[in-house]
Amino acid sequence: MSDVVFRSDAGADEVMREYRAVLDRWPVPKQEIELSTSQGSTFVLACGPQAAPPVVLMHGAQANSAAWLPDIALWASRFRLYAVDMPGEAGLSARVRQPLAGDTHARWLDDVFTGLGLDRAALVGTSLGGWLALDYAVRRPSRASALALVCPAGIGRQKNFLLSVAPYLLLGPWGKRKIFEKVFGPPPKQLPPDLEAISRLIDSIGRATRPRVIKIPRISDAALEALAMPILAIVGGRDVLIASDETRFRLARHAPHAEVCFIEDGYHFLPDQAKRILDFLVRSAGPS
């Protein structure tokens with residue numbers, strides 16, 4: 001059976017080496033957990049005080065829990081964090097990709113919560129991970145104490161990005177750099193060491209993985225209206241993957257209690273949001 005995630009064993013090995021290099025830089029003591037779930041083995045990184053309020057972190061597509069490295073030290077000062085590698089992505093969980101429609105992923109997160117001994121937790125998700133958080137909160141509202149969503153899929157319209165950048169694919173390394181910039185924005189002249197390690201990992205993932213080519217299910221108006229927990233959504237006005245204006249509009253109309261931070265010049269990647277998310281979590285999911 002072919003690997004649905006990686007193009008080759010050599011590419012998978014390279015990504016795992018780069019991933020481990022990032023995990024070696026983890027800024028706080030961590031515990032690595034392997035859970036048995038309905039989608040196979042699921043890898044979780046746990047850190048922060050064990051008695052602190054729990055927060056489950058879900059990364060986006062073509063990524064893994066290394067994406068949280070810049071935020072971990074701040075958040076772990078107040079919360080018990082569980083960074084989950086999504087199955088079917090470039091992490092240490094099972095290499096299976098189940099359809100997003102239906103309750104398959106909610107049942108998987110049920111297994112994750114049970115395996116971690118969690119009845120209820122705040123959820124932080126970015127992009128596809130934001131959709132996972134939303135879908136779980138819709139289906140299991142009693143288990144989600146708060147939602148912090150960064151450029152979430154599933155609310156605003158999903159743009160046809162691959163069609164728009166197809167000509168760049170014919171232009172070699174220069175074209176690939178332009179595609180990268182459309183998603184992440186112009187790169188800084190010099191990256192700090194932690195971000196250099198993540199950048200190398202992102203490059204390896206881009207070369208080695210098979211991207212998901214799927215239509216992500218949209219959360220209905222009625223489902224948004226039923227969400228009673230605190231919500232923070234952070235979106236970028238220059239997001240080439242998700243229609244951020246529509247995300248902002250639908251939340252304002254159907255979940256008016258949600259806090260929406262619209263960053264006019266922001267891309268699909270929005271760095272430096274750790275403090276804003278921490279403040280929201282302290283207000284919404286911290287100890288009473």
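See the structure shown above.
Residues numbered from 1 in each chain as written. Predicted model: local features only at pLDDT ≥ 70, side-chain atom pairs only at ≥ 80, totals over all residues. Heavy atoms only, no water.

## Describing the packing of aromatic side chains
Here is the rule we go by: Stacked, edge-to-face and tilted are the three classes for Phe, Tyr and Trp ring pairs, Trp counted by its six-membered ring, which pair at centre distances within 6.5 Å; planes under 30 degrees apart are stacked, over 60 edge-to-face, the rest tilted. Only protein chains enter the accessibility calculation, which uses a 1.4 Å probe. A residue is then buried if its area is under 20% of the maximum for its type, exposed if over 50%, and partly exposed in between. Secondary structure elements follow DSSP: runs of H or I no shorter than four residues count as helices, runs of E no shorter than two count as strands, and numbering proceeds from the N terminus. By the criterion adopted, a ring carries a charge over it if an Arg CZ or a Lys NZ lies within 6 Å of its centre and within 35 degrees of its normal.
Inspection of every chain in the model, using the stated rule, returns two aromatic pairs. Ring plane angle 50° and centroid distance 5.9 Å describe the contact between Trp 68 and Trp 75, whose orientation is recorded as tilted. Of the residues examined, Trp 75 reaches a relative accessible area of 1% and is grouped as buried. Centroid distance Phe 113 to Tyr 136: 5.2 Å. Interplanar angle 45°. Geometry classified as tilted. With Phe 113 in helix H3 (residues 104–116) and Tyr 136 in helix H4 (residues 128–139), the pair connects residues that are 23 residues apart, well separated along the chain. Note on accessibility: Phe 113 and Tyr 136 belong to one class, buried. Sitting over the ring of Phe 262, Arg 248 keeps its end group 3.7 Å from the ring centre.

## Considering the pattern of salt bridges
Formally: The term salt bridge refers to a side-chain nitrogen of Lys or Arg lying within 4 Å of a carboxyl oxygen of Asp or Glu.
Counted according to the given criterion, the structure contains 14 salt bridges. Asp 245 is the salt-bridge partner of Arg 248, the closest N and O atoms lying 3.1 Å from each other. Here Arg 248 and its partner Asp 245 are both found in helix H9 (residues 244–254), three residues apart, which amounts to about one turn of the helix. Through salt bridges with shared partners, a single network forms among Asp 110, Arg 140 and Arg 143.

## Concerning the nonpolar core
Note the threshold: Remark: nonpolar core denotes a set of buried residues (Ala, Val, Leu, Ile, Met, Phe, Trp, Tyr, Cys) joined through side-chain atoms within 4.5 Å. Residue contacts follow a heavy-atom distance rule, with two residues in contact if any of their heavy atoms lie within 4.5 Å.
By size, the foremost hydrophobic cluster in this structure holds 46 residues, and its most contacted members are Leu 57, Trp 75, Leu 81, Val 124 and Ile 277. Non-local contacts of Val 124, meaning those with residues more than four positions away in its chain, are made with Val 55, Val 56, Leu 57, Met 58, Trp 68, Trp 75, Ala 148, Ile 277 and Leu 281.

## As for unusual backbone geometry
A positive phi angle is found at Ser 127, which is not glycine, with a value near 55°. The residue Ser 127 is located in the loop between strand S5 (121–126) and H4 in this model. The phi torsion at Asp 272 lies on the positive side, around 65°, for a residue other than glycine.

## Looking at the packing of H3 against H4
The cut-off we apply is this: Axis lines are fitted to C-alpha atoms, over the contacting stretch for helices. Their N-to-C directions set the angle, which ranges from 0 to 180 degrees. Working definition: roughly parallel below 35 degrees, roughly antiparallel above 145 degrees, roughly perpendicular at 65 to 115 degrees, and oblique for all remaining angles.
Between H3 and H4, whose axes approach to 9 Å, the crossing angle comes to 85°. By the criterion of interaxial angle, the relationship of H3 to H4 is roughly perpendicular. Together, His 105, Ala 106, Trp 108, Leu 109, Asp 110 and Phe 113 of H3 and Leu 132, Asp 135, Tyr 136 and Arg 139 of H4 make up the contact between the two elements.

## Quick word on the pairing of strand S2 (residues 40–47)
Where we set the bar: Strand pairing is assigned whenever DSSP identifies at least 2 bridges connecting the two strands.
Counting buried residues in S2 gives six out of eight residues, a clear majority hidden from the surface. Direction of pairing for strand S1 (residues 30–37) relative to S2: antiparallel, over a ladder of eight bridges. Bridging from a neighbouring strand, Glu 34 pairs with Phe 43 of S2. As defined by bridge partners, S2 adjoins strand S4 (residues 80–84) across four bridges and the pair is classed as antiparallel. Bridge pairing links Cys 47 to Leu 81 in S4.

## Considering the side chain of His 254
The test is simple: We call two N or O atoms a polar contact when they sit within 3.5 Å, provided that within protein one can donate a hydrogen and the other can accept it, with sequence-adjacent residues counted only if both atoms are side-chain atoms.
Checked against the element boundaries, His 254 lands in helix H9. Within polar-contact distance, the side chain of His 254 engages the side chain of Glu 225 at 2.7 Å.

## A word on the sheet that holds S5
Backbone hydrogen bonds are what pair the strands of a sheet, in a parallel or an antiparallel way. In space, the eight strands of this open sheet follow the order S1-S2-S4-S3-S5-S6-S7-S8, with mixed pairing throughout. A single partner strand is all that each edge strand has here, and the edge strands are S1 and strand S8 (259–263). Mean inter-strand twist for the sheet, computed between neighbouring axes without regard to direction, equals 20°. Sheet contacts for H9: strand S7 (231–236) and S8; angle to S8, the most-contacted strand, approximately 160°.

## Topic: helix H1 (residues 9–23)
In plain terms, the rule: Expected span, for any helix, means 1.5 Å times one less than how many residues it has. Directions from the helix axis toward the C-beta atoms define the arc.
For H1, spanning 15 residues, the distance from its first C-alpha to its last is 21 Å, which sits close to the expected 21 Å at 1.5 Å a residue. Among the residues of H1, those classed as buried are Gly 11, Ala 12, Val 15, Met 16, Glu 18, Tyr 19, Val 22 and Leu 23. Take H1 and look down its axis: the buried residues cluster within an arc of 165°, on one side only. Turned more than 90 degrees from where H1 packs its buried face, Asp 9, Ala 10 and Arg 17 sit exposed. The secondary structure elements touched by the buried residues of H1 are S1, S2, helix H2 (69–75) and helix H7 (193–208).

## Some remarks on the pairing of S4
Let me state the cut-off plainly: When the strands point away from the viewer and the connection leading from the first strand across the helix to the second strand turns clockwise, the crossover is called right-handed.
With five of its five residues buried, S4 lies for the most part within the structure. Bridge count between strand S3 (residues 54–58) and S4: five bridges; the pairing is parallel. Residue pairing across strands places Met 58 opposite Val 84, the latter belonging to S4. The handedness of the S3 to S4 crossover, carried by H2, is right-handed.

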